[in-house]
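Summary of structural features
Spelled out, the chains give:
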Amino acid sequence: MLQRISKVDSFFLKSALFSSTILIGDALRIFGNSRALAVQREAEIFFDEEGDFAQFKVFSEPIPLPPIYEPILIDTFQLNPVIKVGTIDVKGLSAASIIQIGSTPYISMEARIHHIRQLLEREETQ
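None of these values were measured; they are calculated from a predicted model.

1. Some remarks on the overall build of the protein
- When its secondary structure is counted, the protein shows 0 helices and 6 strands.
- Put simply, the protein runs from its N terminus to its C terminus through helices and strands in the order β-β-β-β-β-β.
- Relative to the compact-globule value of 14 Å for 126 residues, the protein shows a C-alpha radius of gyration of 22 Å, a clear excess of over 25%.
- Taken over the C-alpha atoms alone, the protein extends approximately 75 × 40 × 35 Å along its principal axes.
- Within the protein, the fraction of its 126 residues that count as buried is 17%.
- Partitioning the intrachain contacts of the protein with sequence separation of at least 6 by distance along the chain shows that 79% fall at a separation of at least 24.
- Of the roughly 10700 Å² of accessible surface on the protein, 54% is carried by carbon and sulfur atoms.

2. Description of the pattern of salt bridges
- Summed over all chains, the structure comprises 3 salt bridges.
- In this structure, K57 and E61 form a salt bridge, with 3.8 Å as the shortest nitrogen-oxygen distance.

3. Concerning the packing of aromatic side chains
- In this structure the tally under the stated criterion is 3 aromatic pairs.
- On the basis of an interplanar angle of 65 degrees and a centroid distance of 4.6 Å, the ring pair of F53 and F59 is categorised as edge-to-face.
- Its relative accessible area of 22% is what places F53 among the partly exposed residues.
- Judged by centre distance (6.4 Å) and plane angle (80 degrees), the rings of F56 and F59 are edge-to-face. Of the two residues examined, F56 and F59, each falls in the buried class.
- Cluster of aromatic residues (ring-pair linked, three or more members): F53, F56 and F59.

4. Quick look at the nonpolar core
- Of all hydrophobic cores here, the largest spans 6 residues; its members are I83, I88, V90, L93, I99 and I101.
- Contributing elements (two or more residues each) for this core: β4 (82-93) and β5 (98-101).
- Ranked by residues supplied to this core, first place goes to β4 with 4 residues.
- In this structure, I101 is in contact with S6, V8, F11, L23, I24, G25, I83, V85 and I88, ignoring residues within four places of it in sequence.

What counts, and at which threshold
- Residues numbered from 1 in each chain as written.
- Predicted model: local features only at pLDDT ≥ 70, side-chain atom pairs only at ≥ 80, totals over all residues.
- Heavy atoms only, no water.
- Helix = DSSP H or I, 4+ residues; strand = E, 2+ residues; numbered from the N terminus.
- Rg over C-alpha atoms; globule rule 2.2 N^0.38 Å.
- Buried < 20%, exposed > 50% of the residue type's maximum accessible area, 1.4 Å probe, protein only.
- Contact = heavy atoms within 4.5 Å.
- Areas by Shrake-Rupley, 256 points an atom, 1.4 Å probe, with all protein chains shown as cover.
- Salt bridge = Lys/Arg side-chain N within 4 Å of Asp/Glu carboxyl O.
- Phe/Tyr/Trp six-rings, centres within 6.5 Å; stacked < 30°, edge-to-face > 60°.
- Core = buried A, V, L, I, M, F, W, Y, C linked by side-chain atoms within 4.5 Å.

Functional significance is not addressed by these values, which are geometric in nature.
If you want it as structure tokens, here you go:
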């Protein structure tokens, strides 16, 4: 892997949550994984034993990755192996996201979120 120097003048980040990565420099591999249940209820009722990911198929199903058949040919020449960045200003990162100034040959990021909306039953009016 080519090694370069990453130089950042200023970096402003308000918040980074849930398996997010901020990396200045090179890495061999980056793996990010985030799972969340987003429950929205019309009534404020909370149960003690909620949040078992095993109850929901979305968290265990394999993610289909299509094969890449096209050959990828890259020819690079780095006269000056320095990555120079001025100012980076980010409001926020969440759910297995990444900001990187550098190079990484292998990155795998996964975020699985199951949204549940629970509404009160309404009597039909005729």
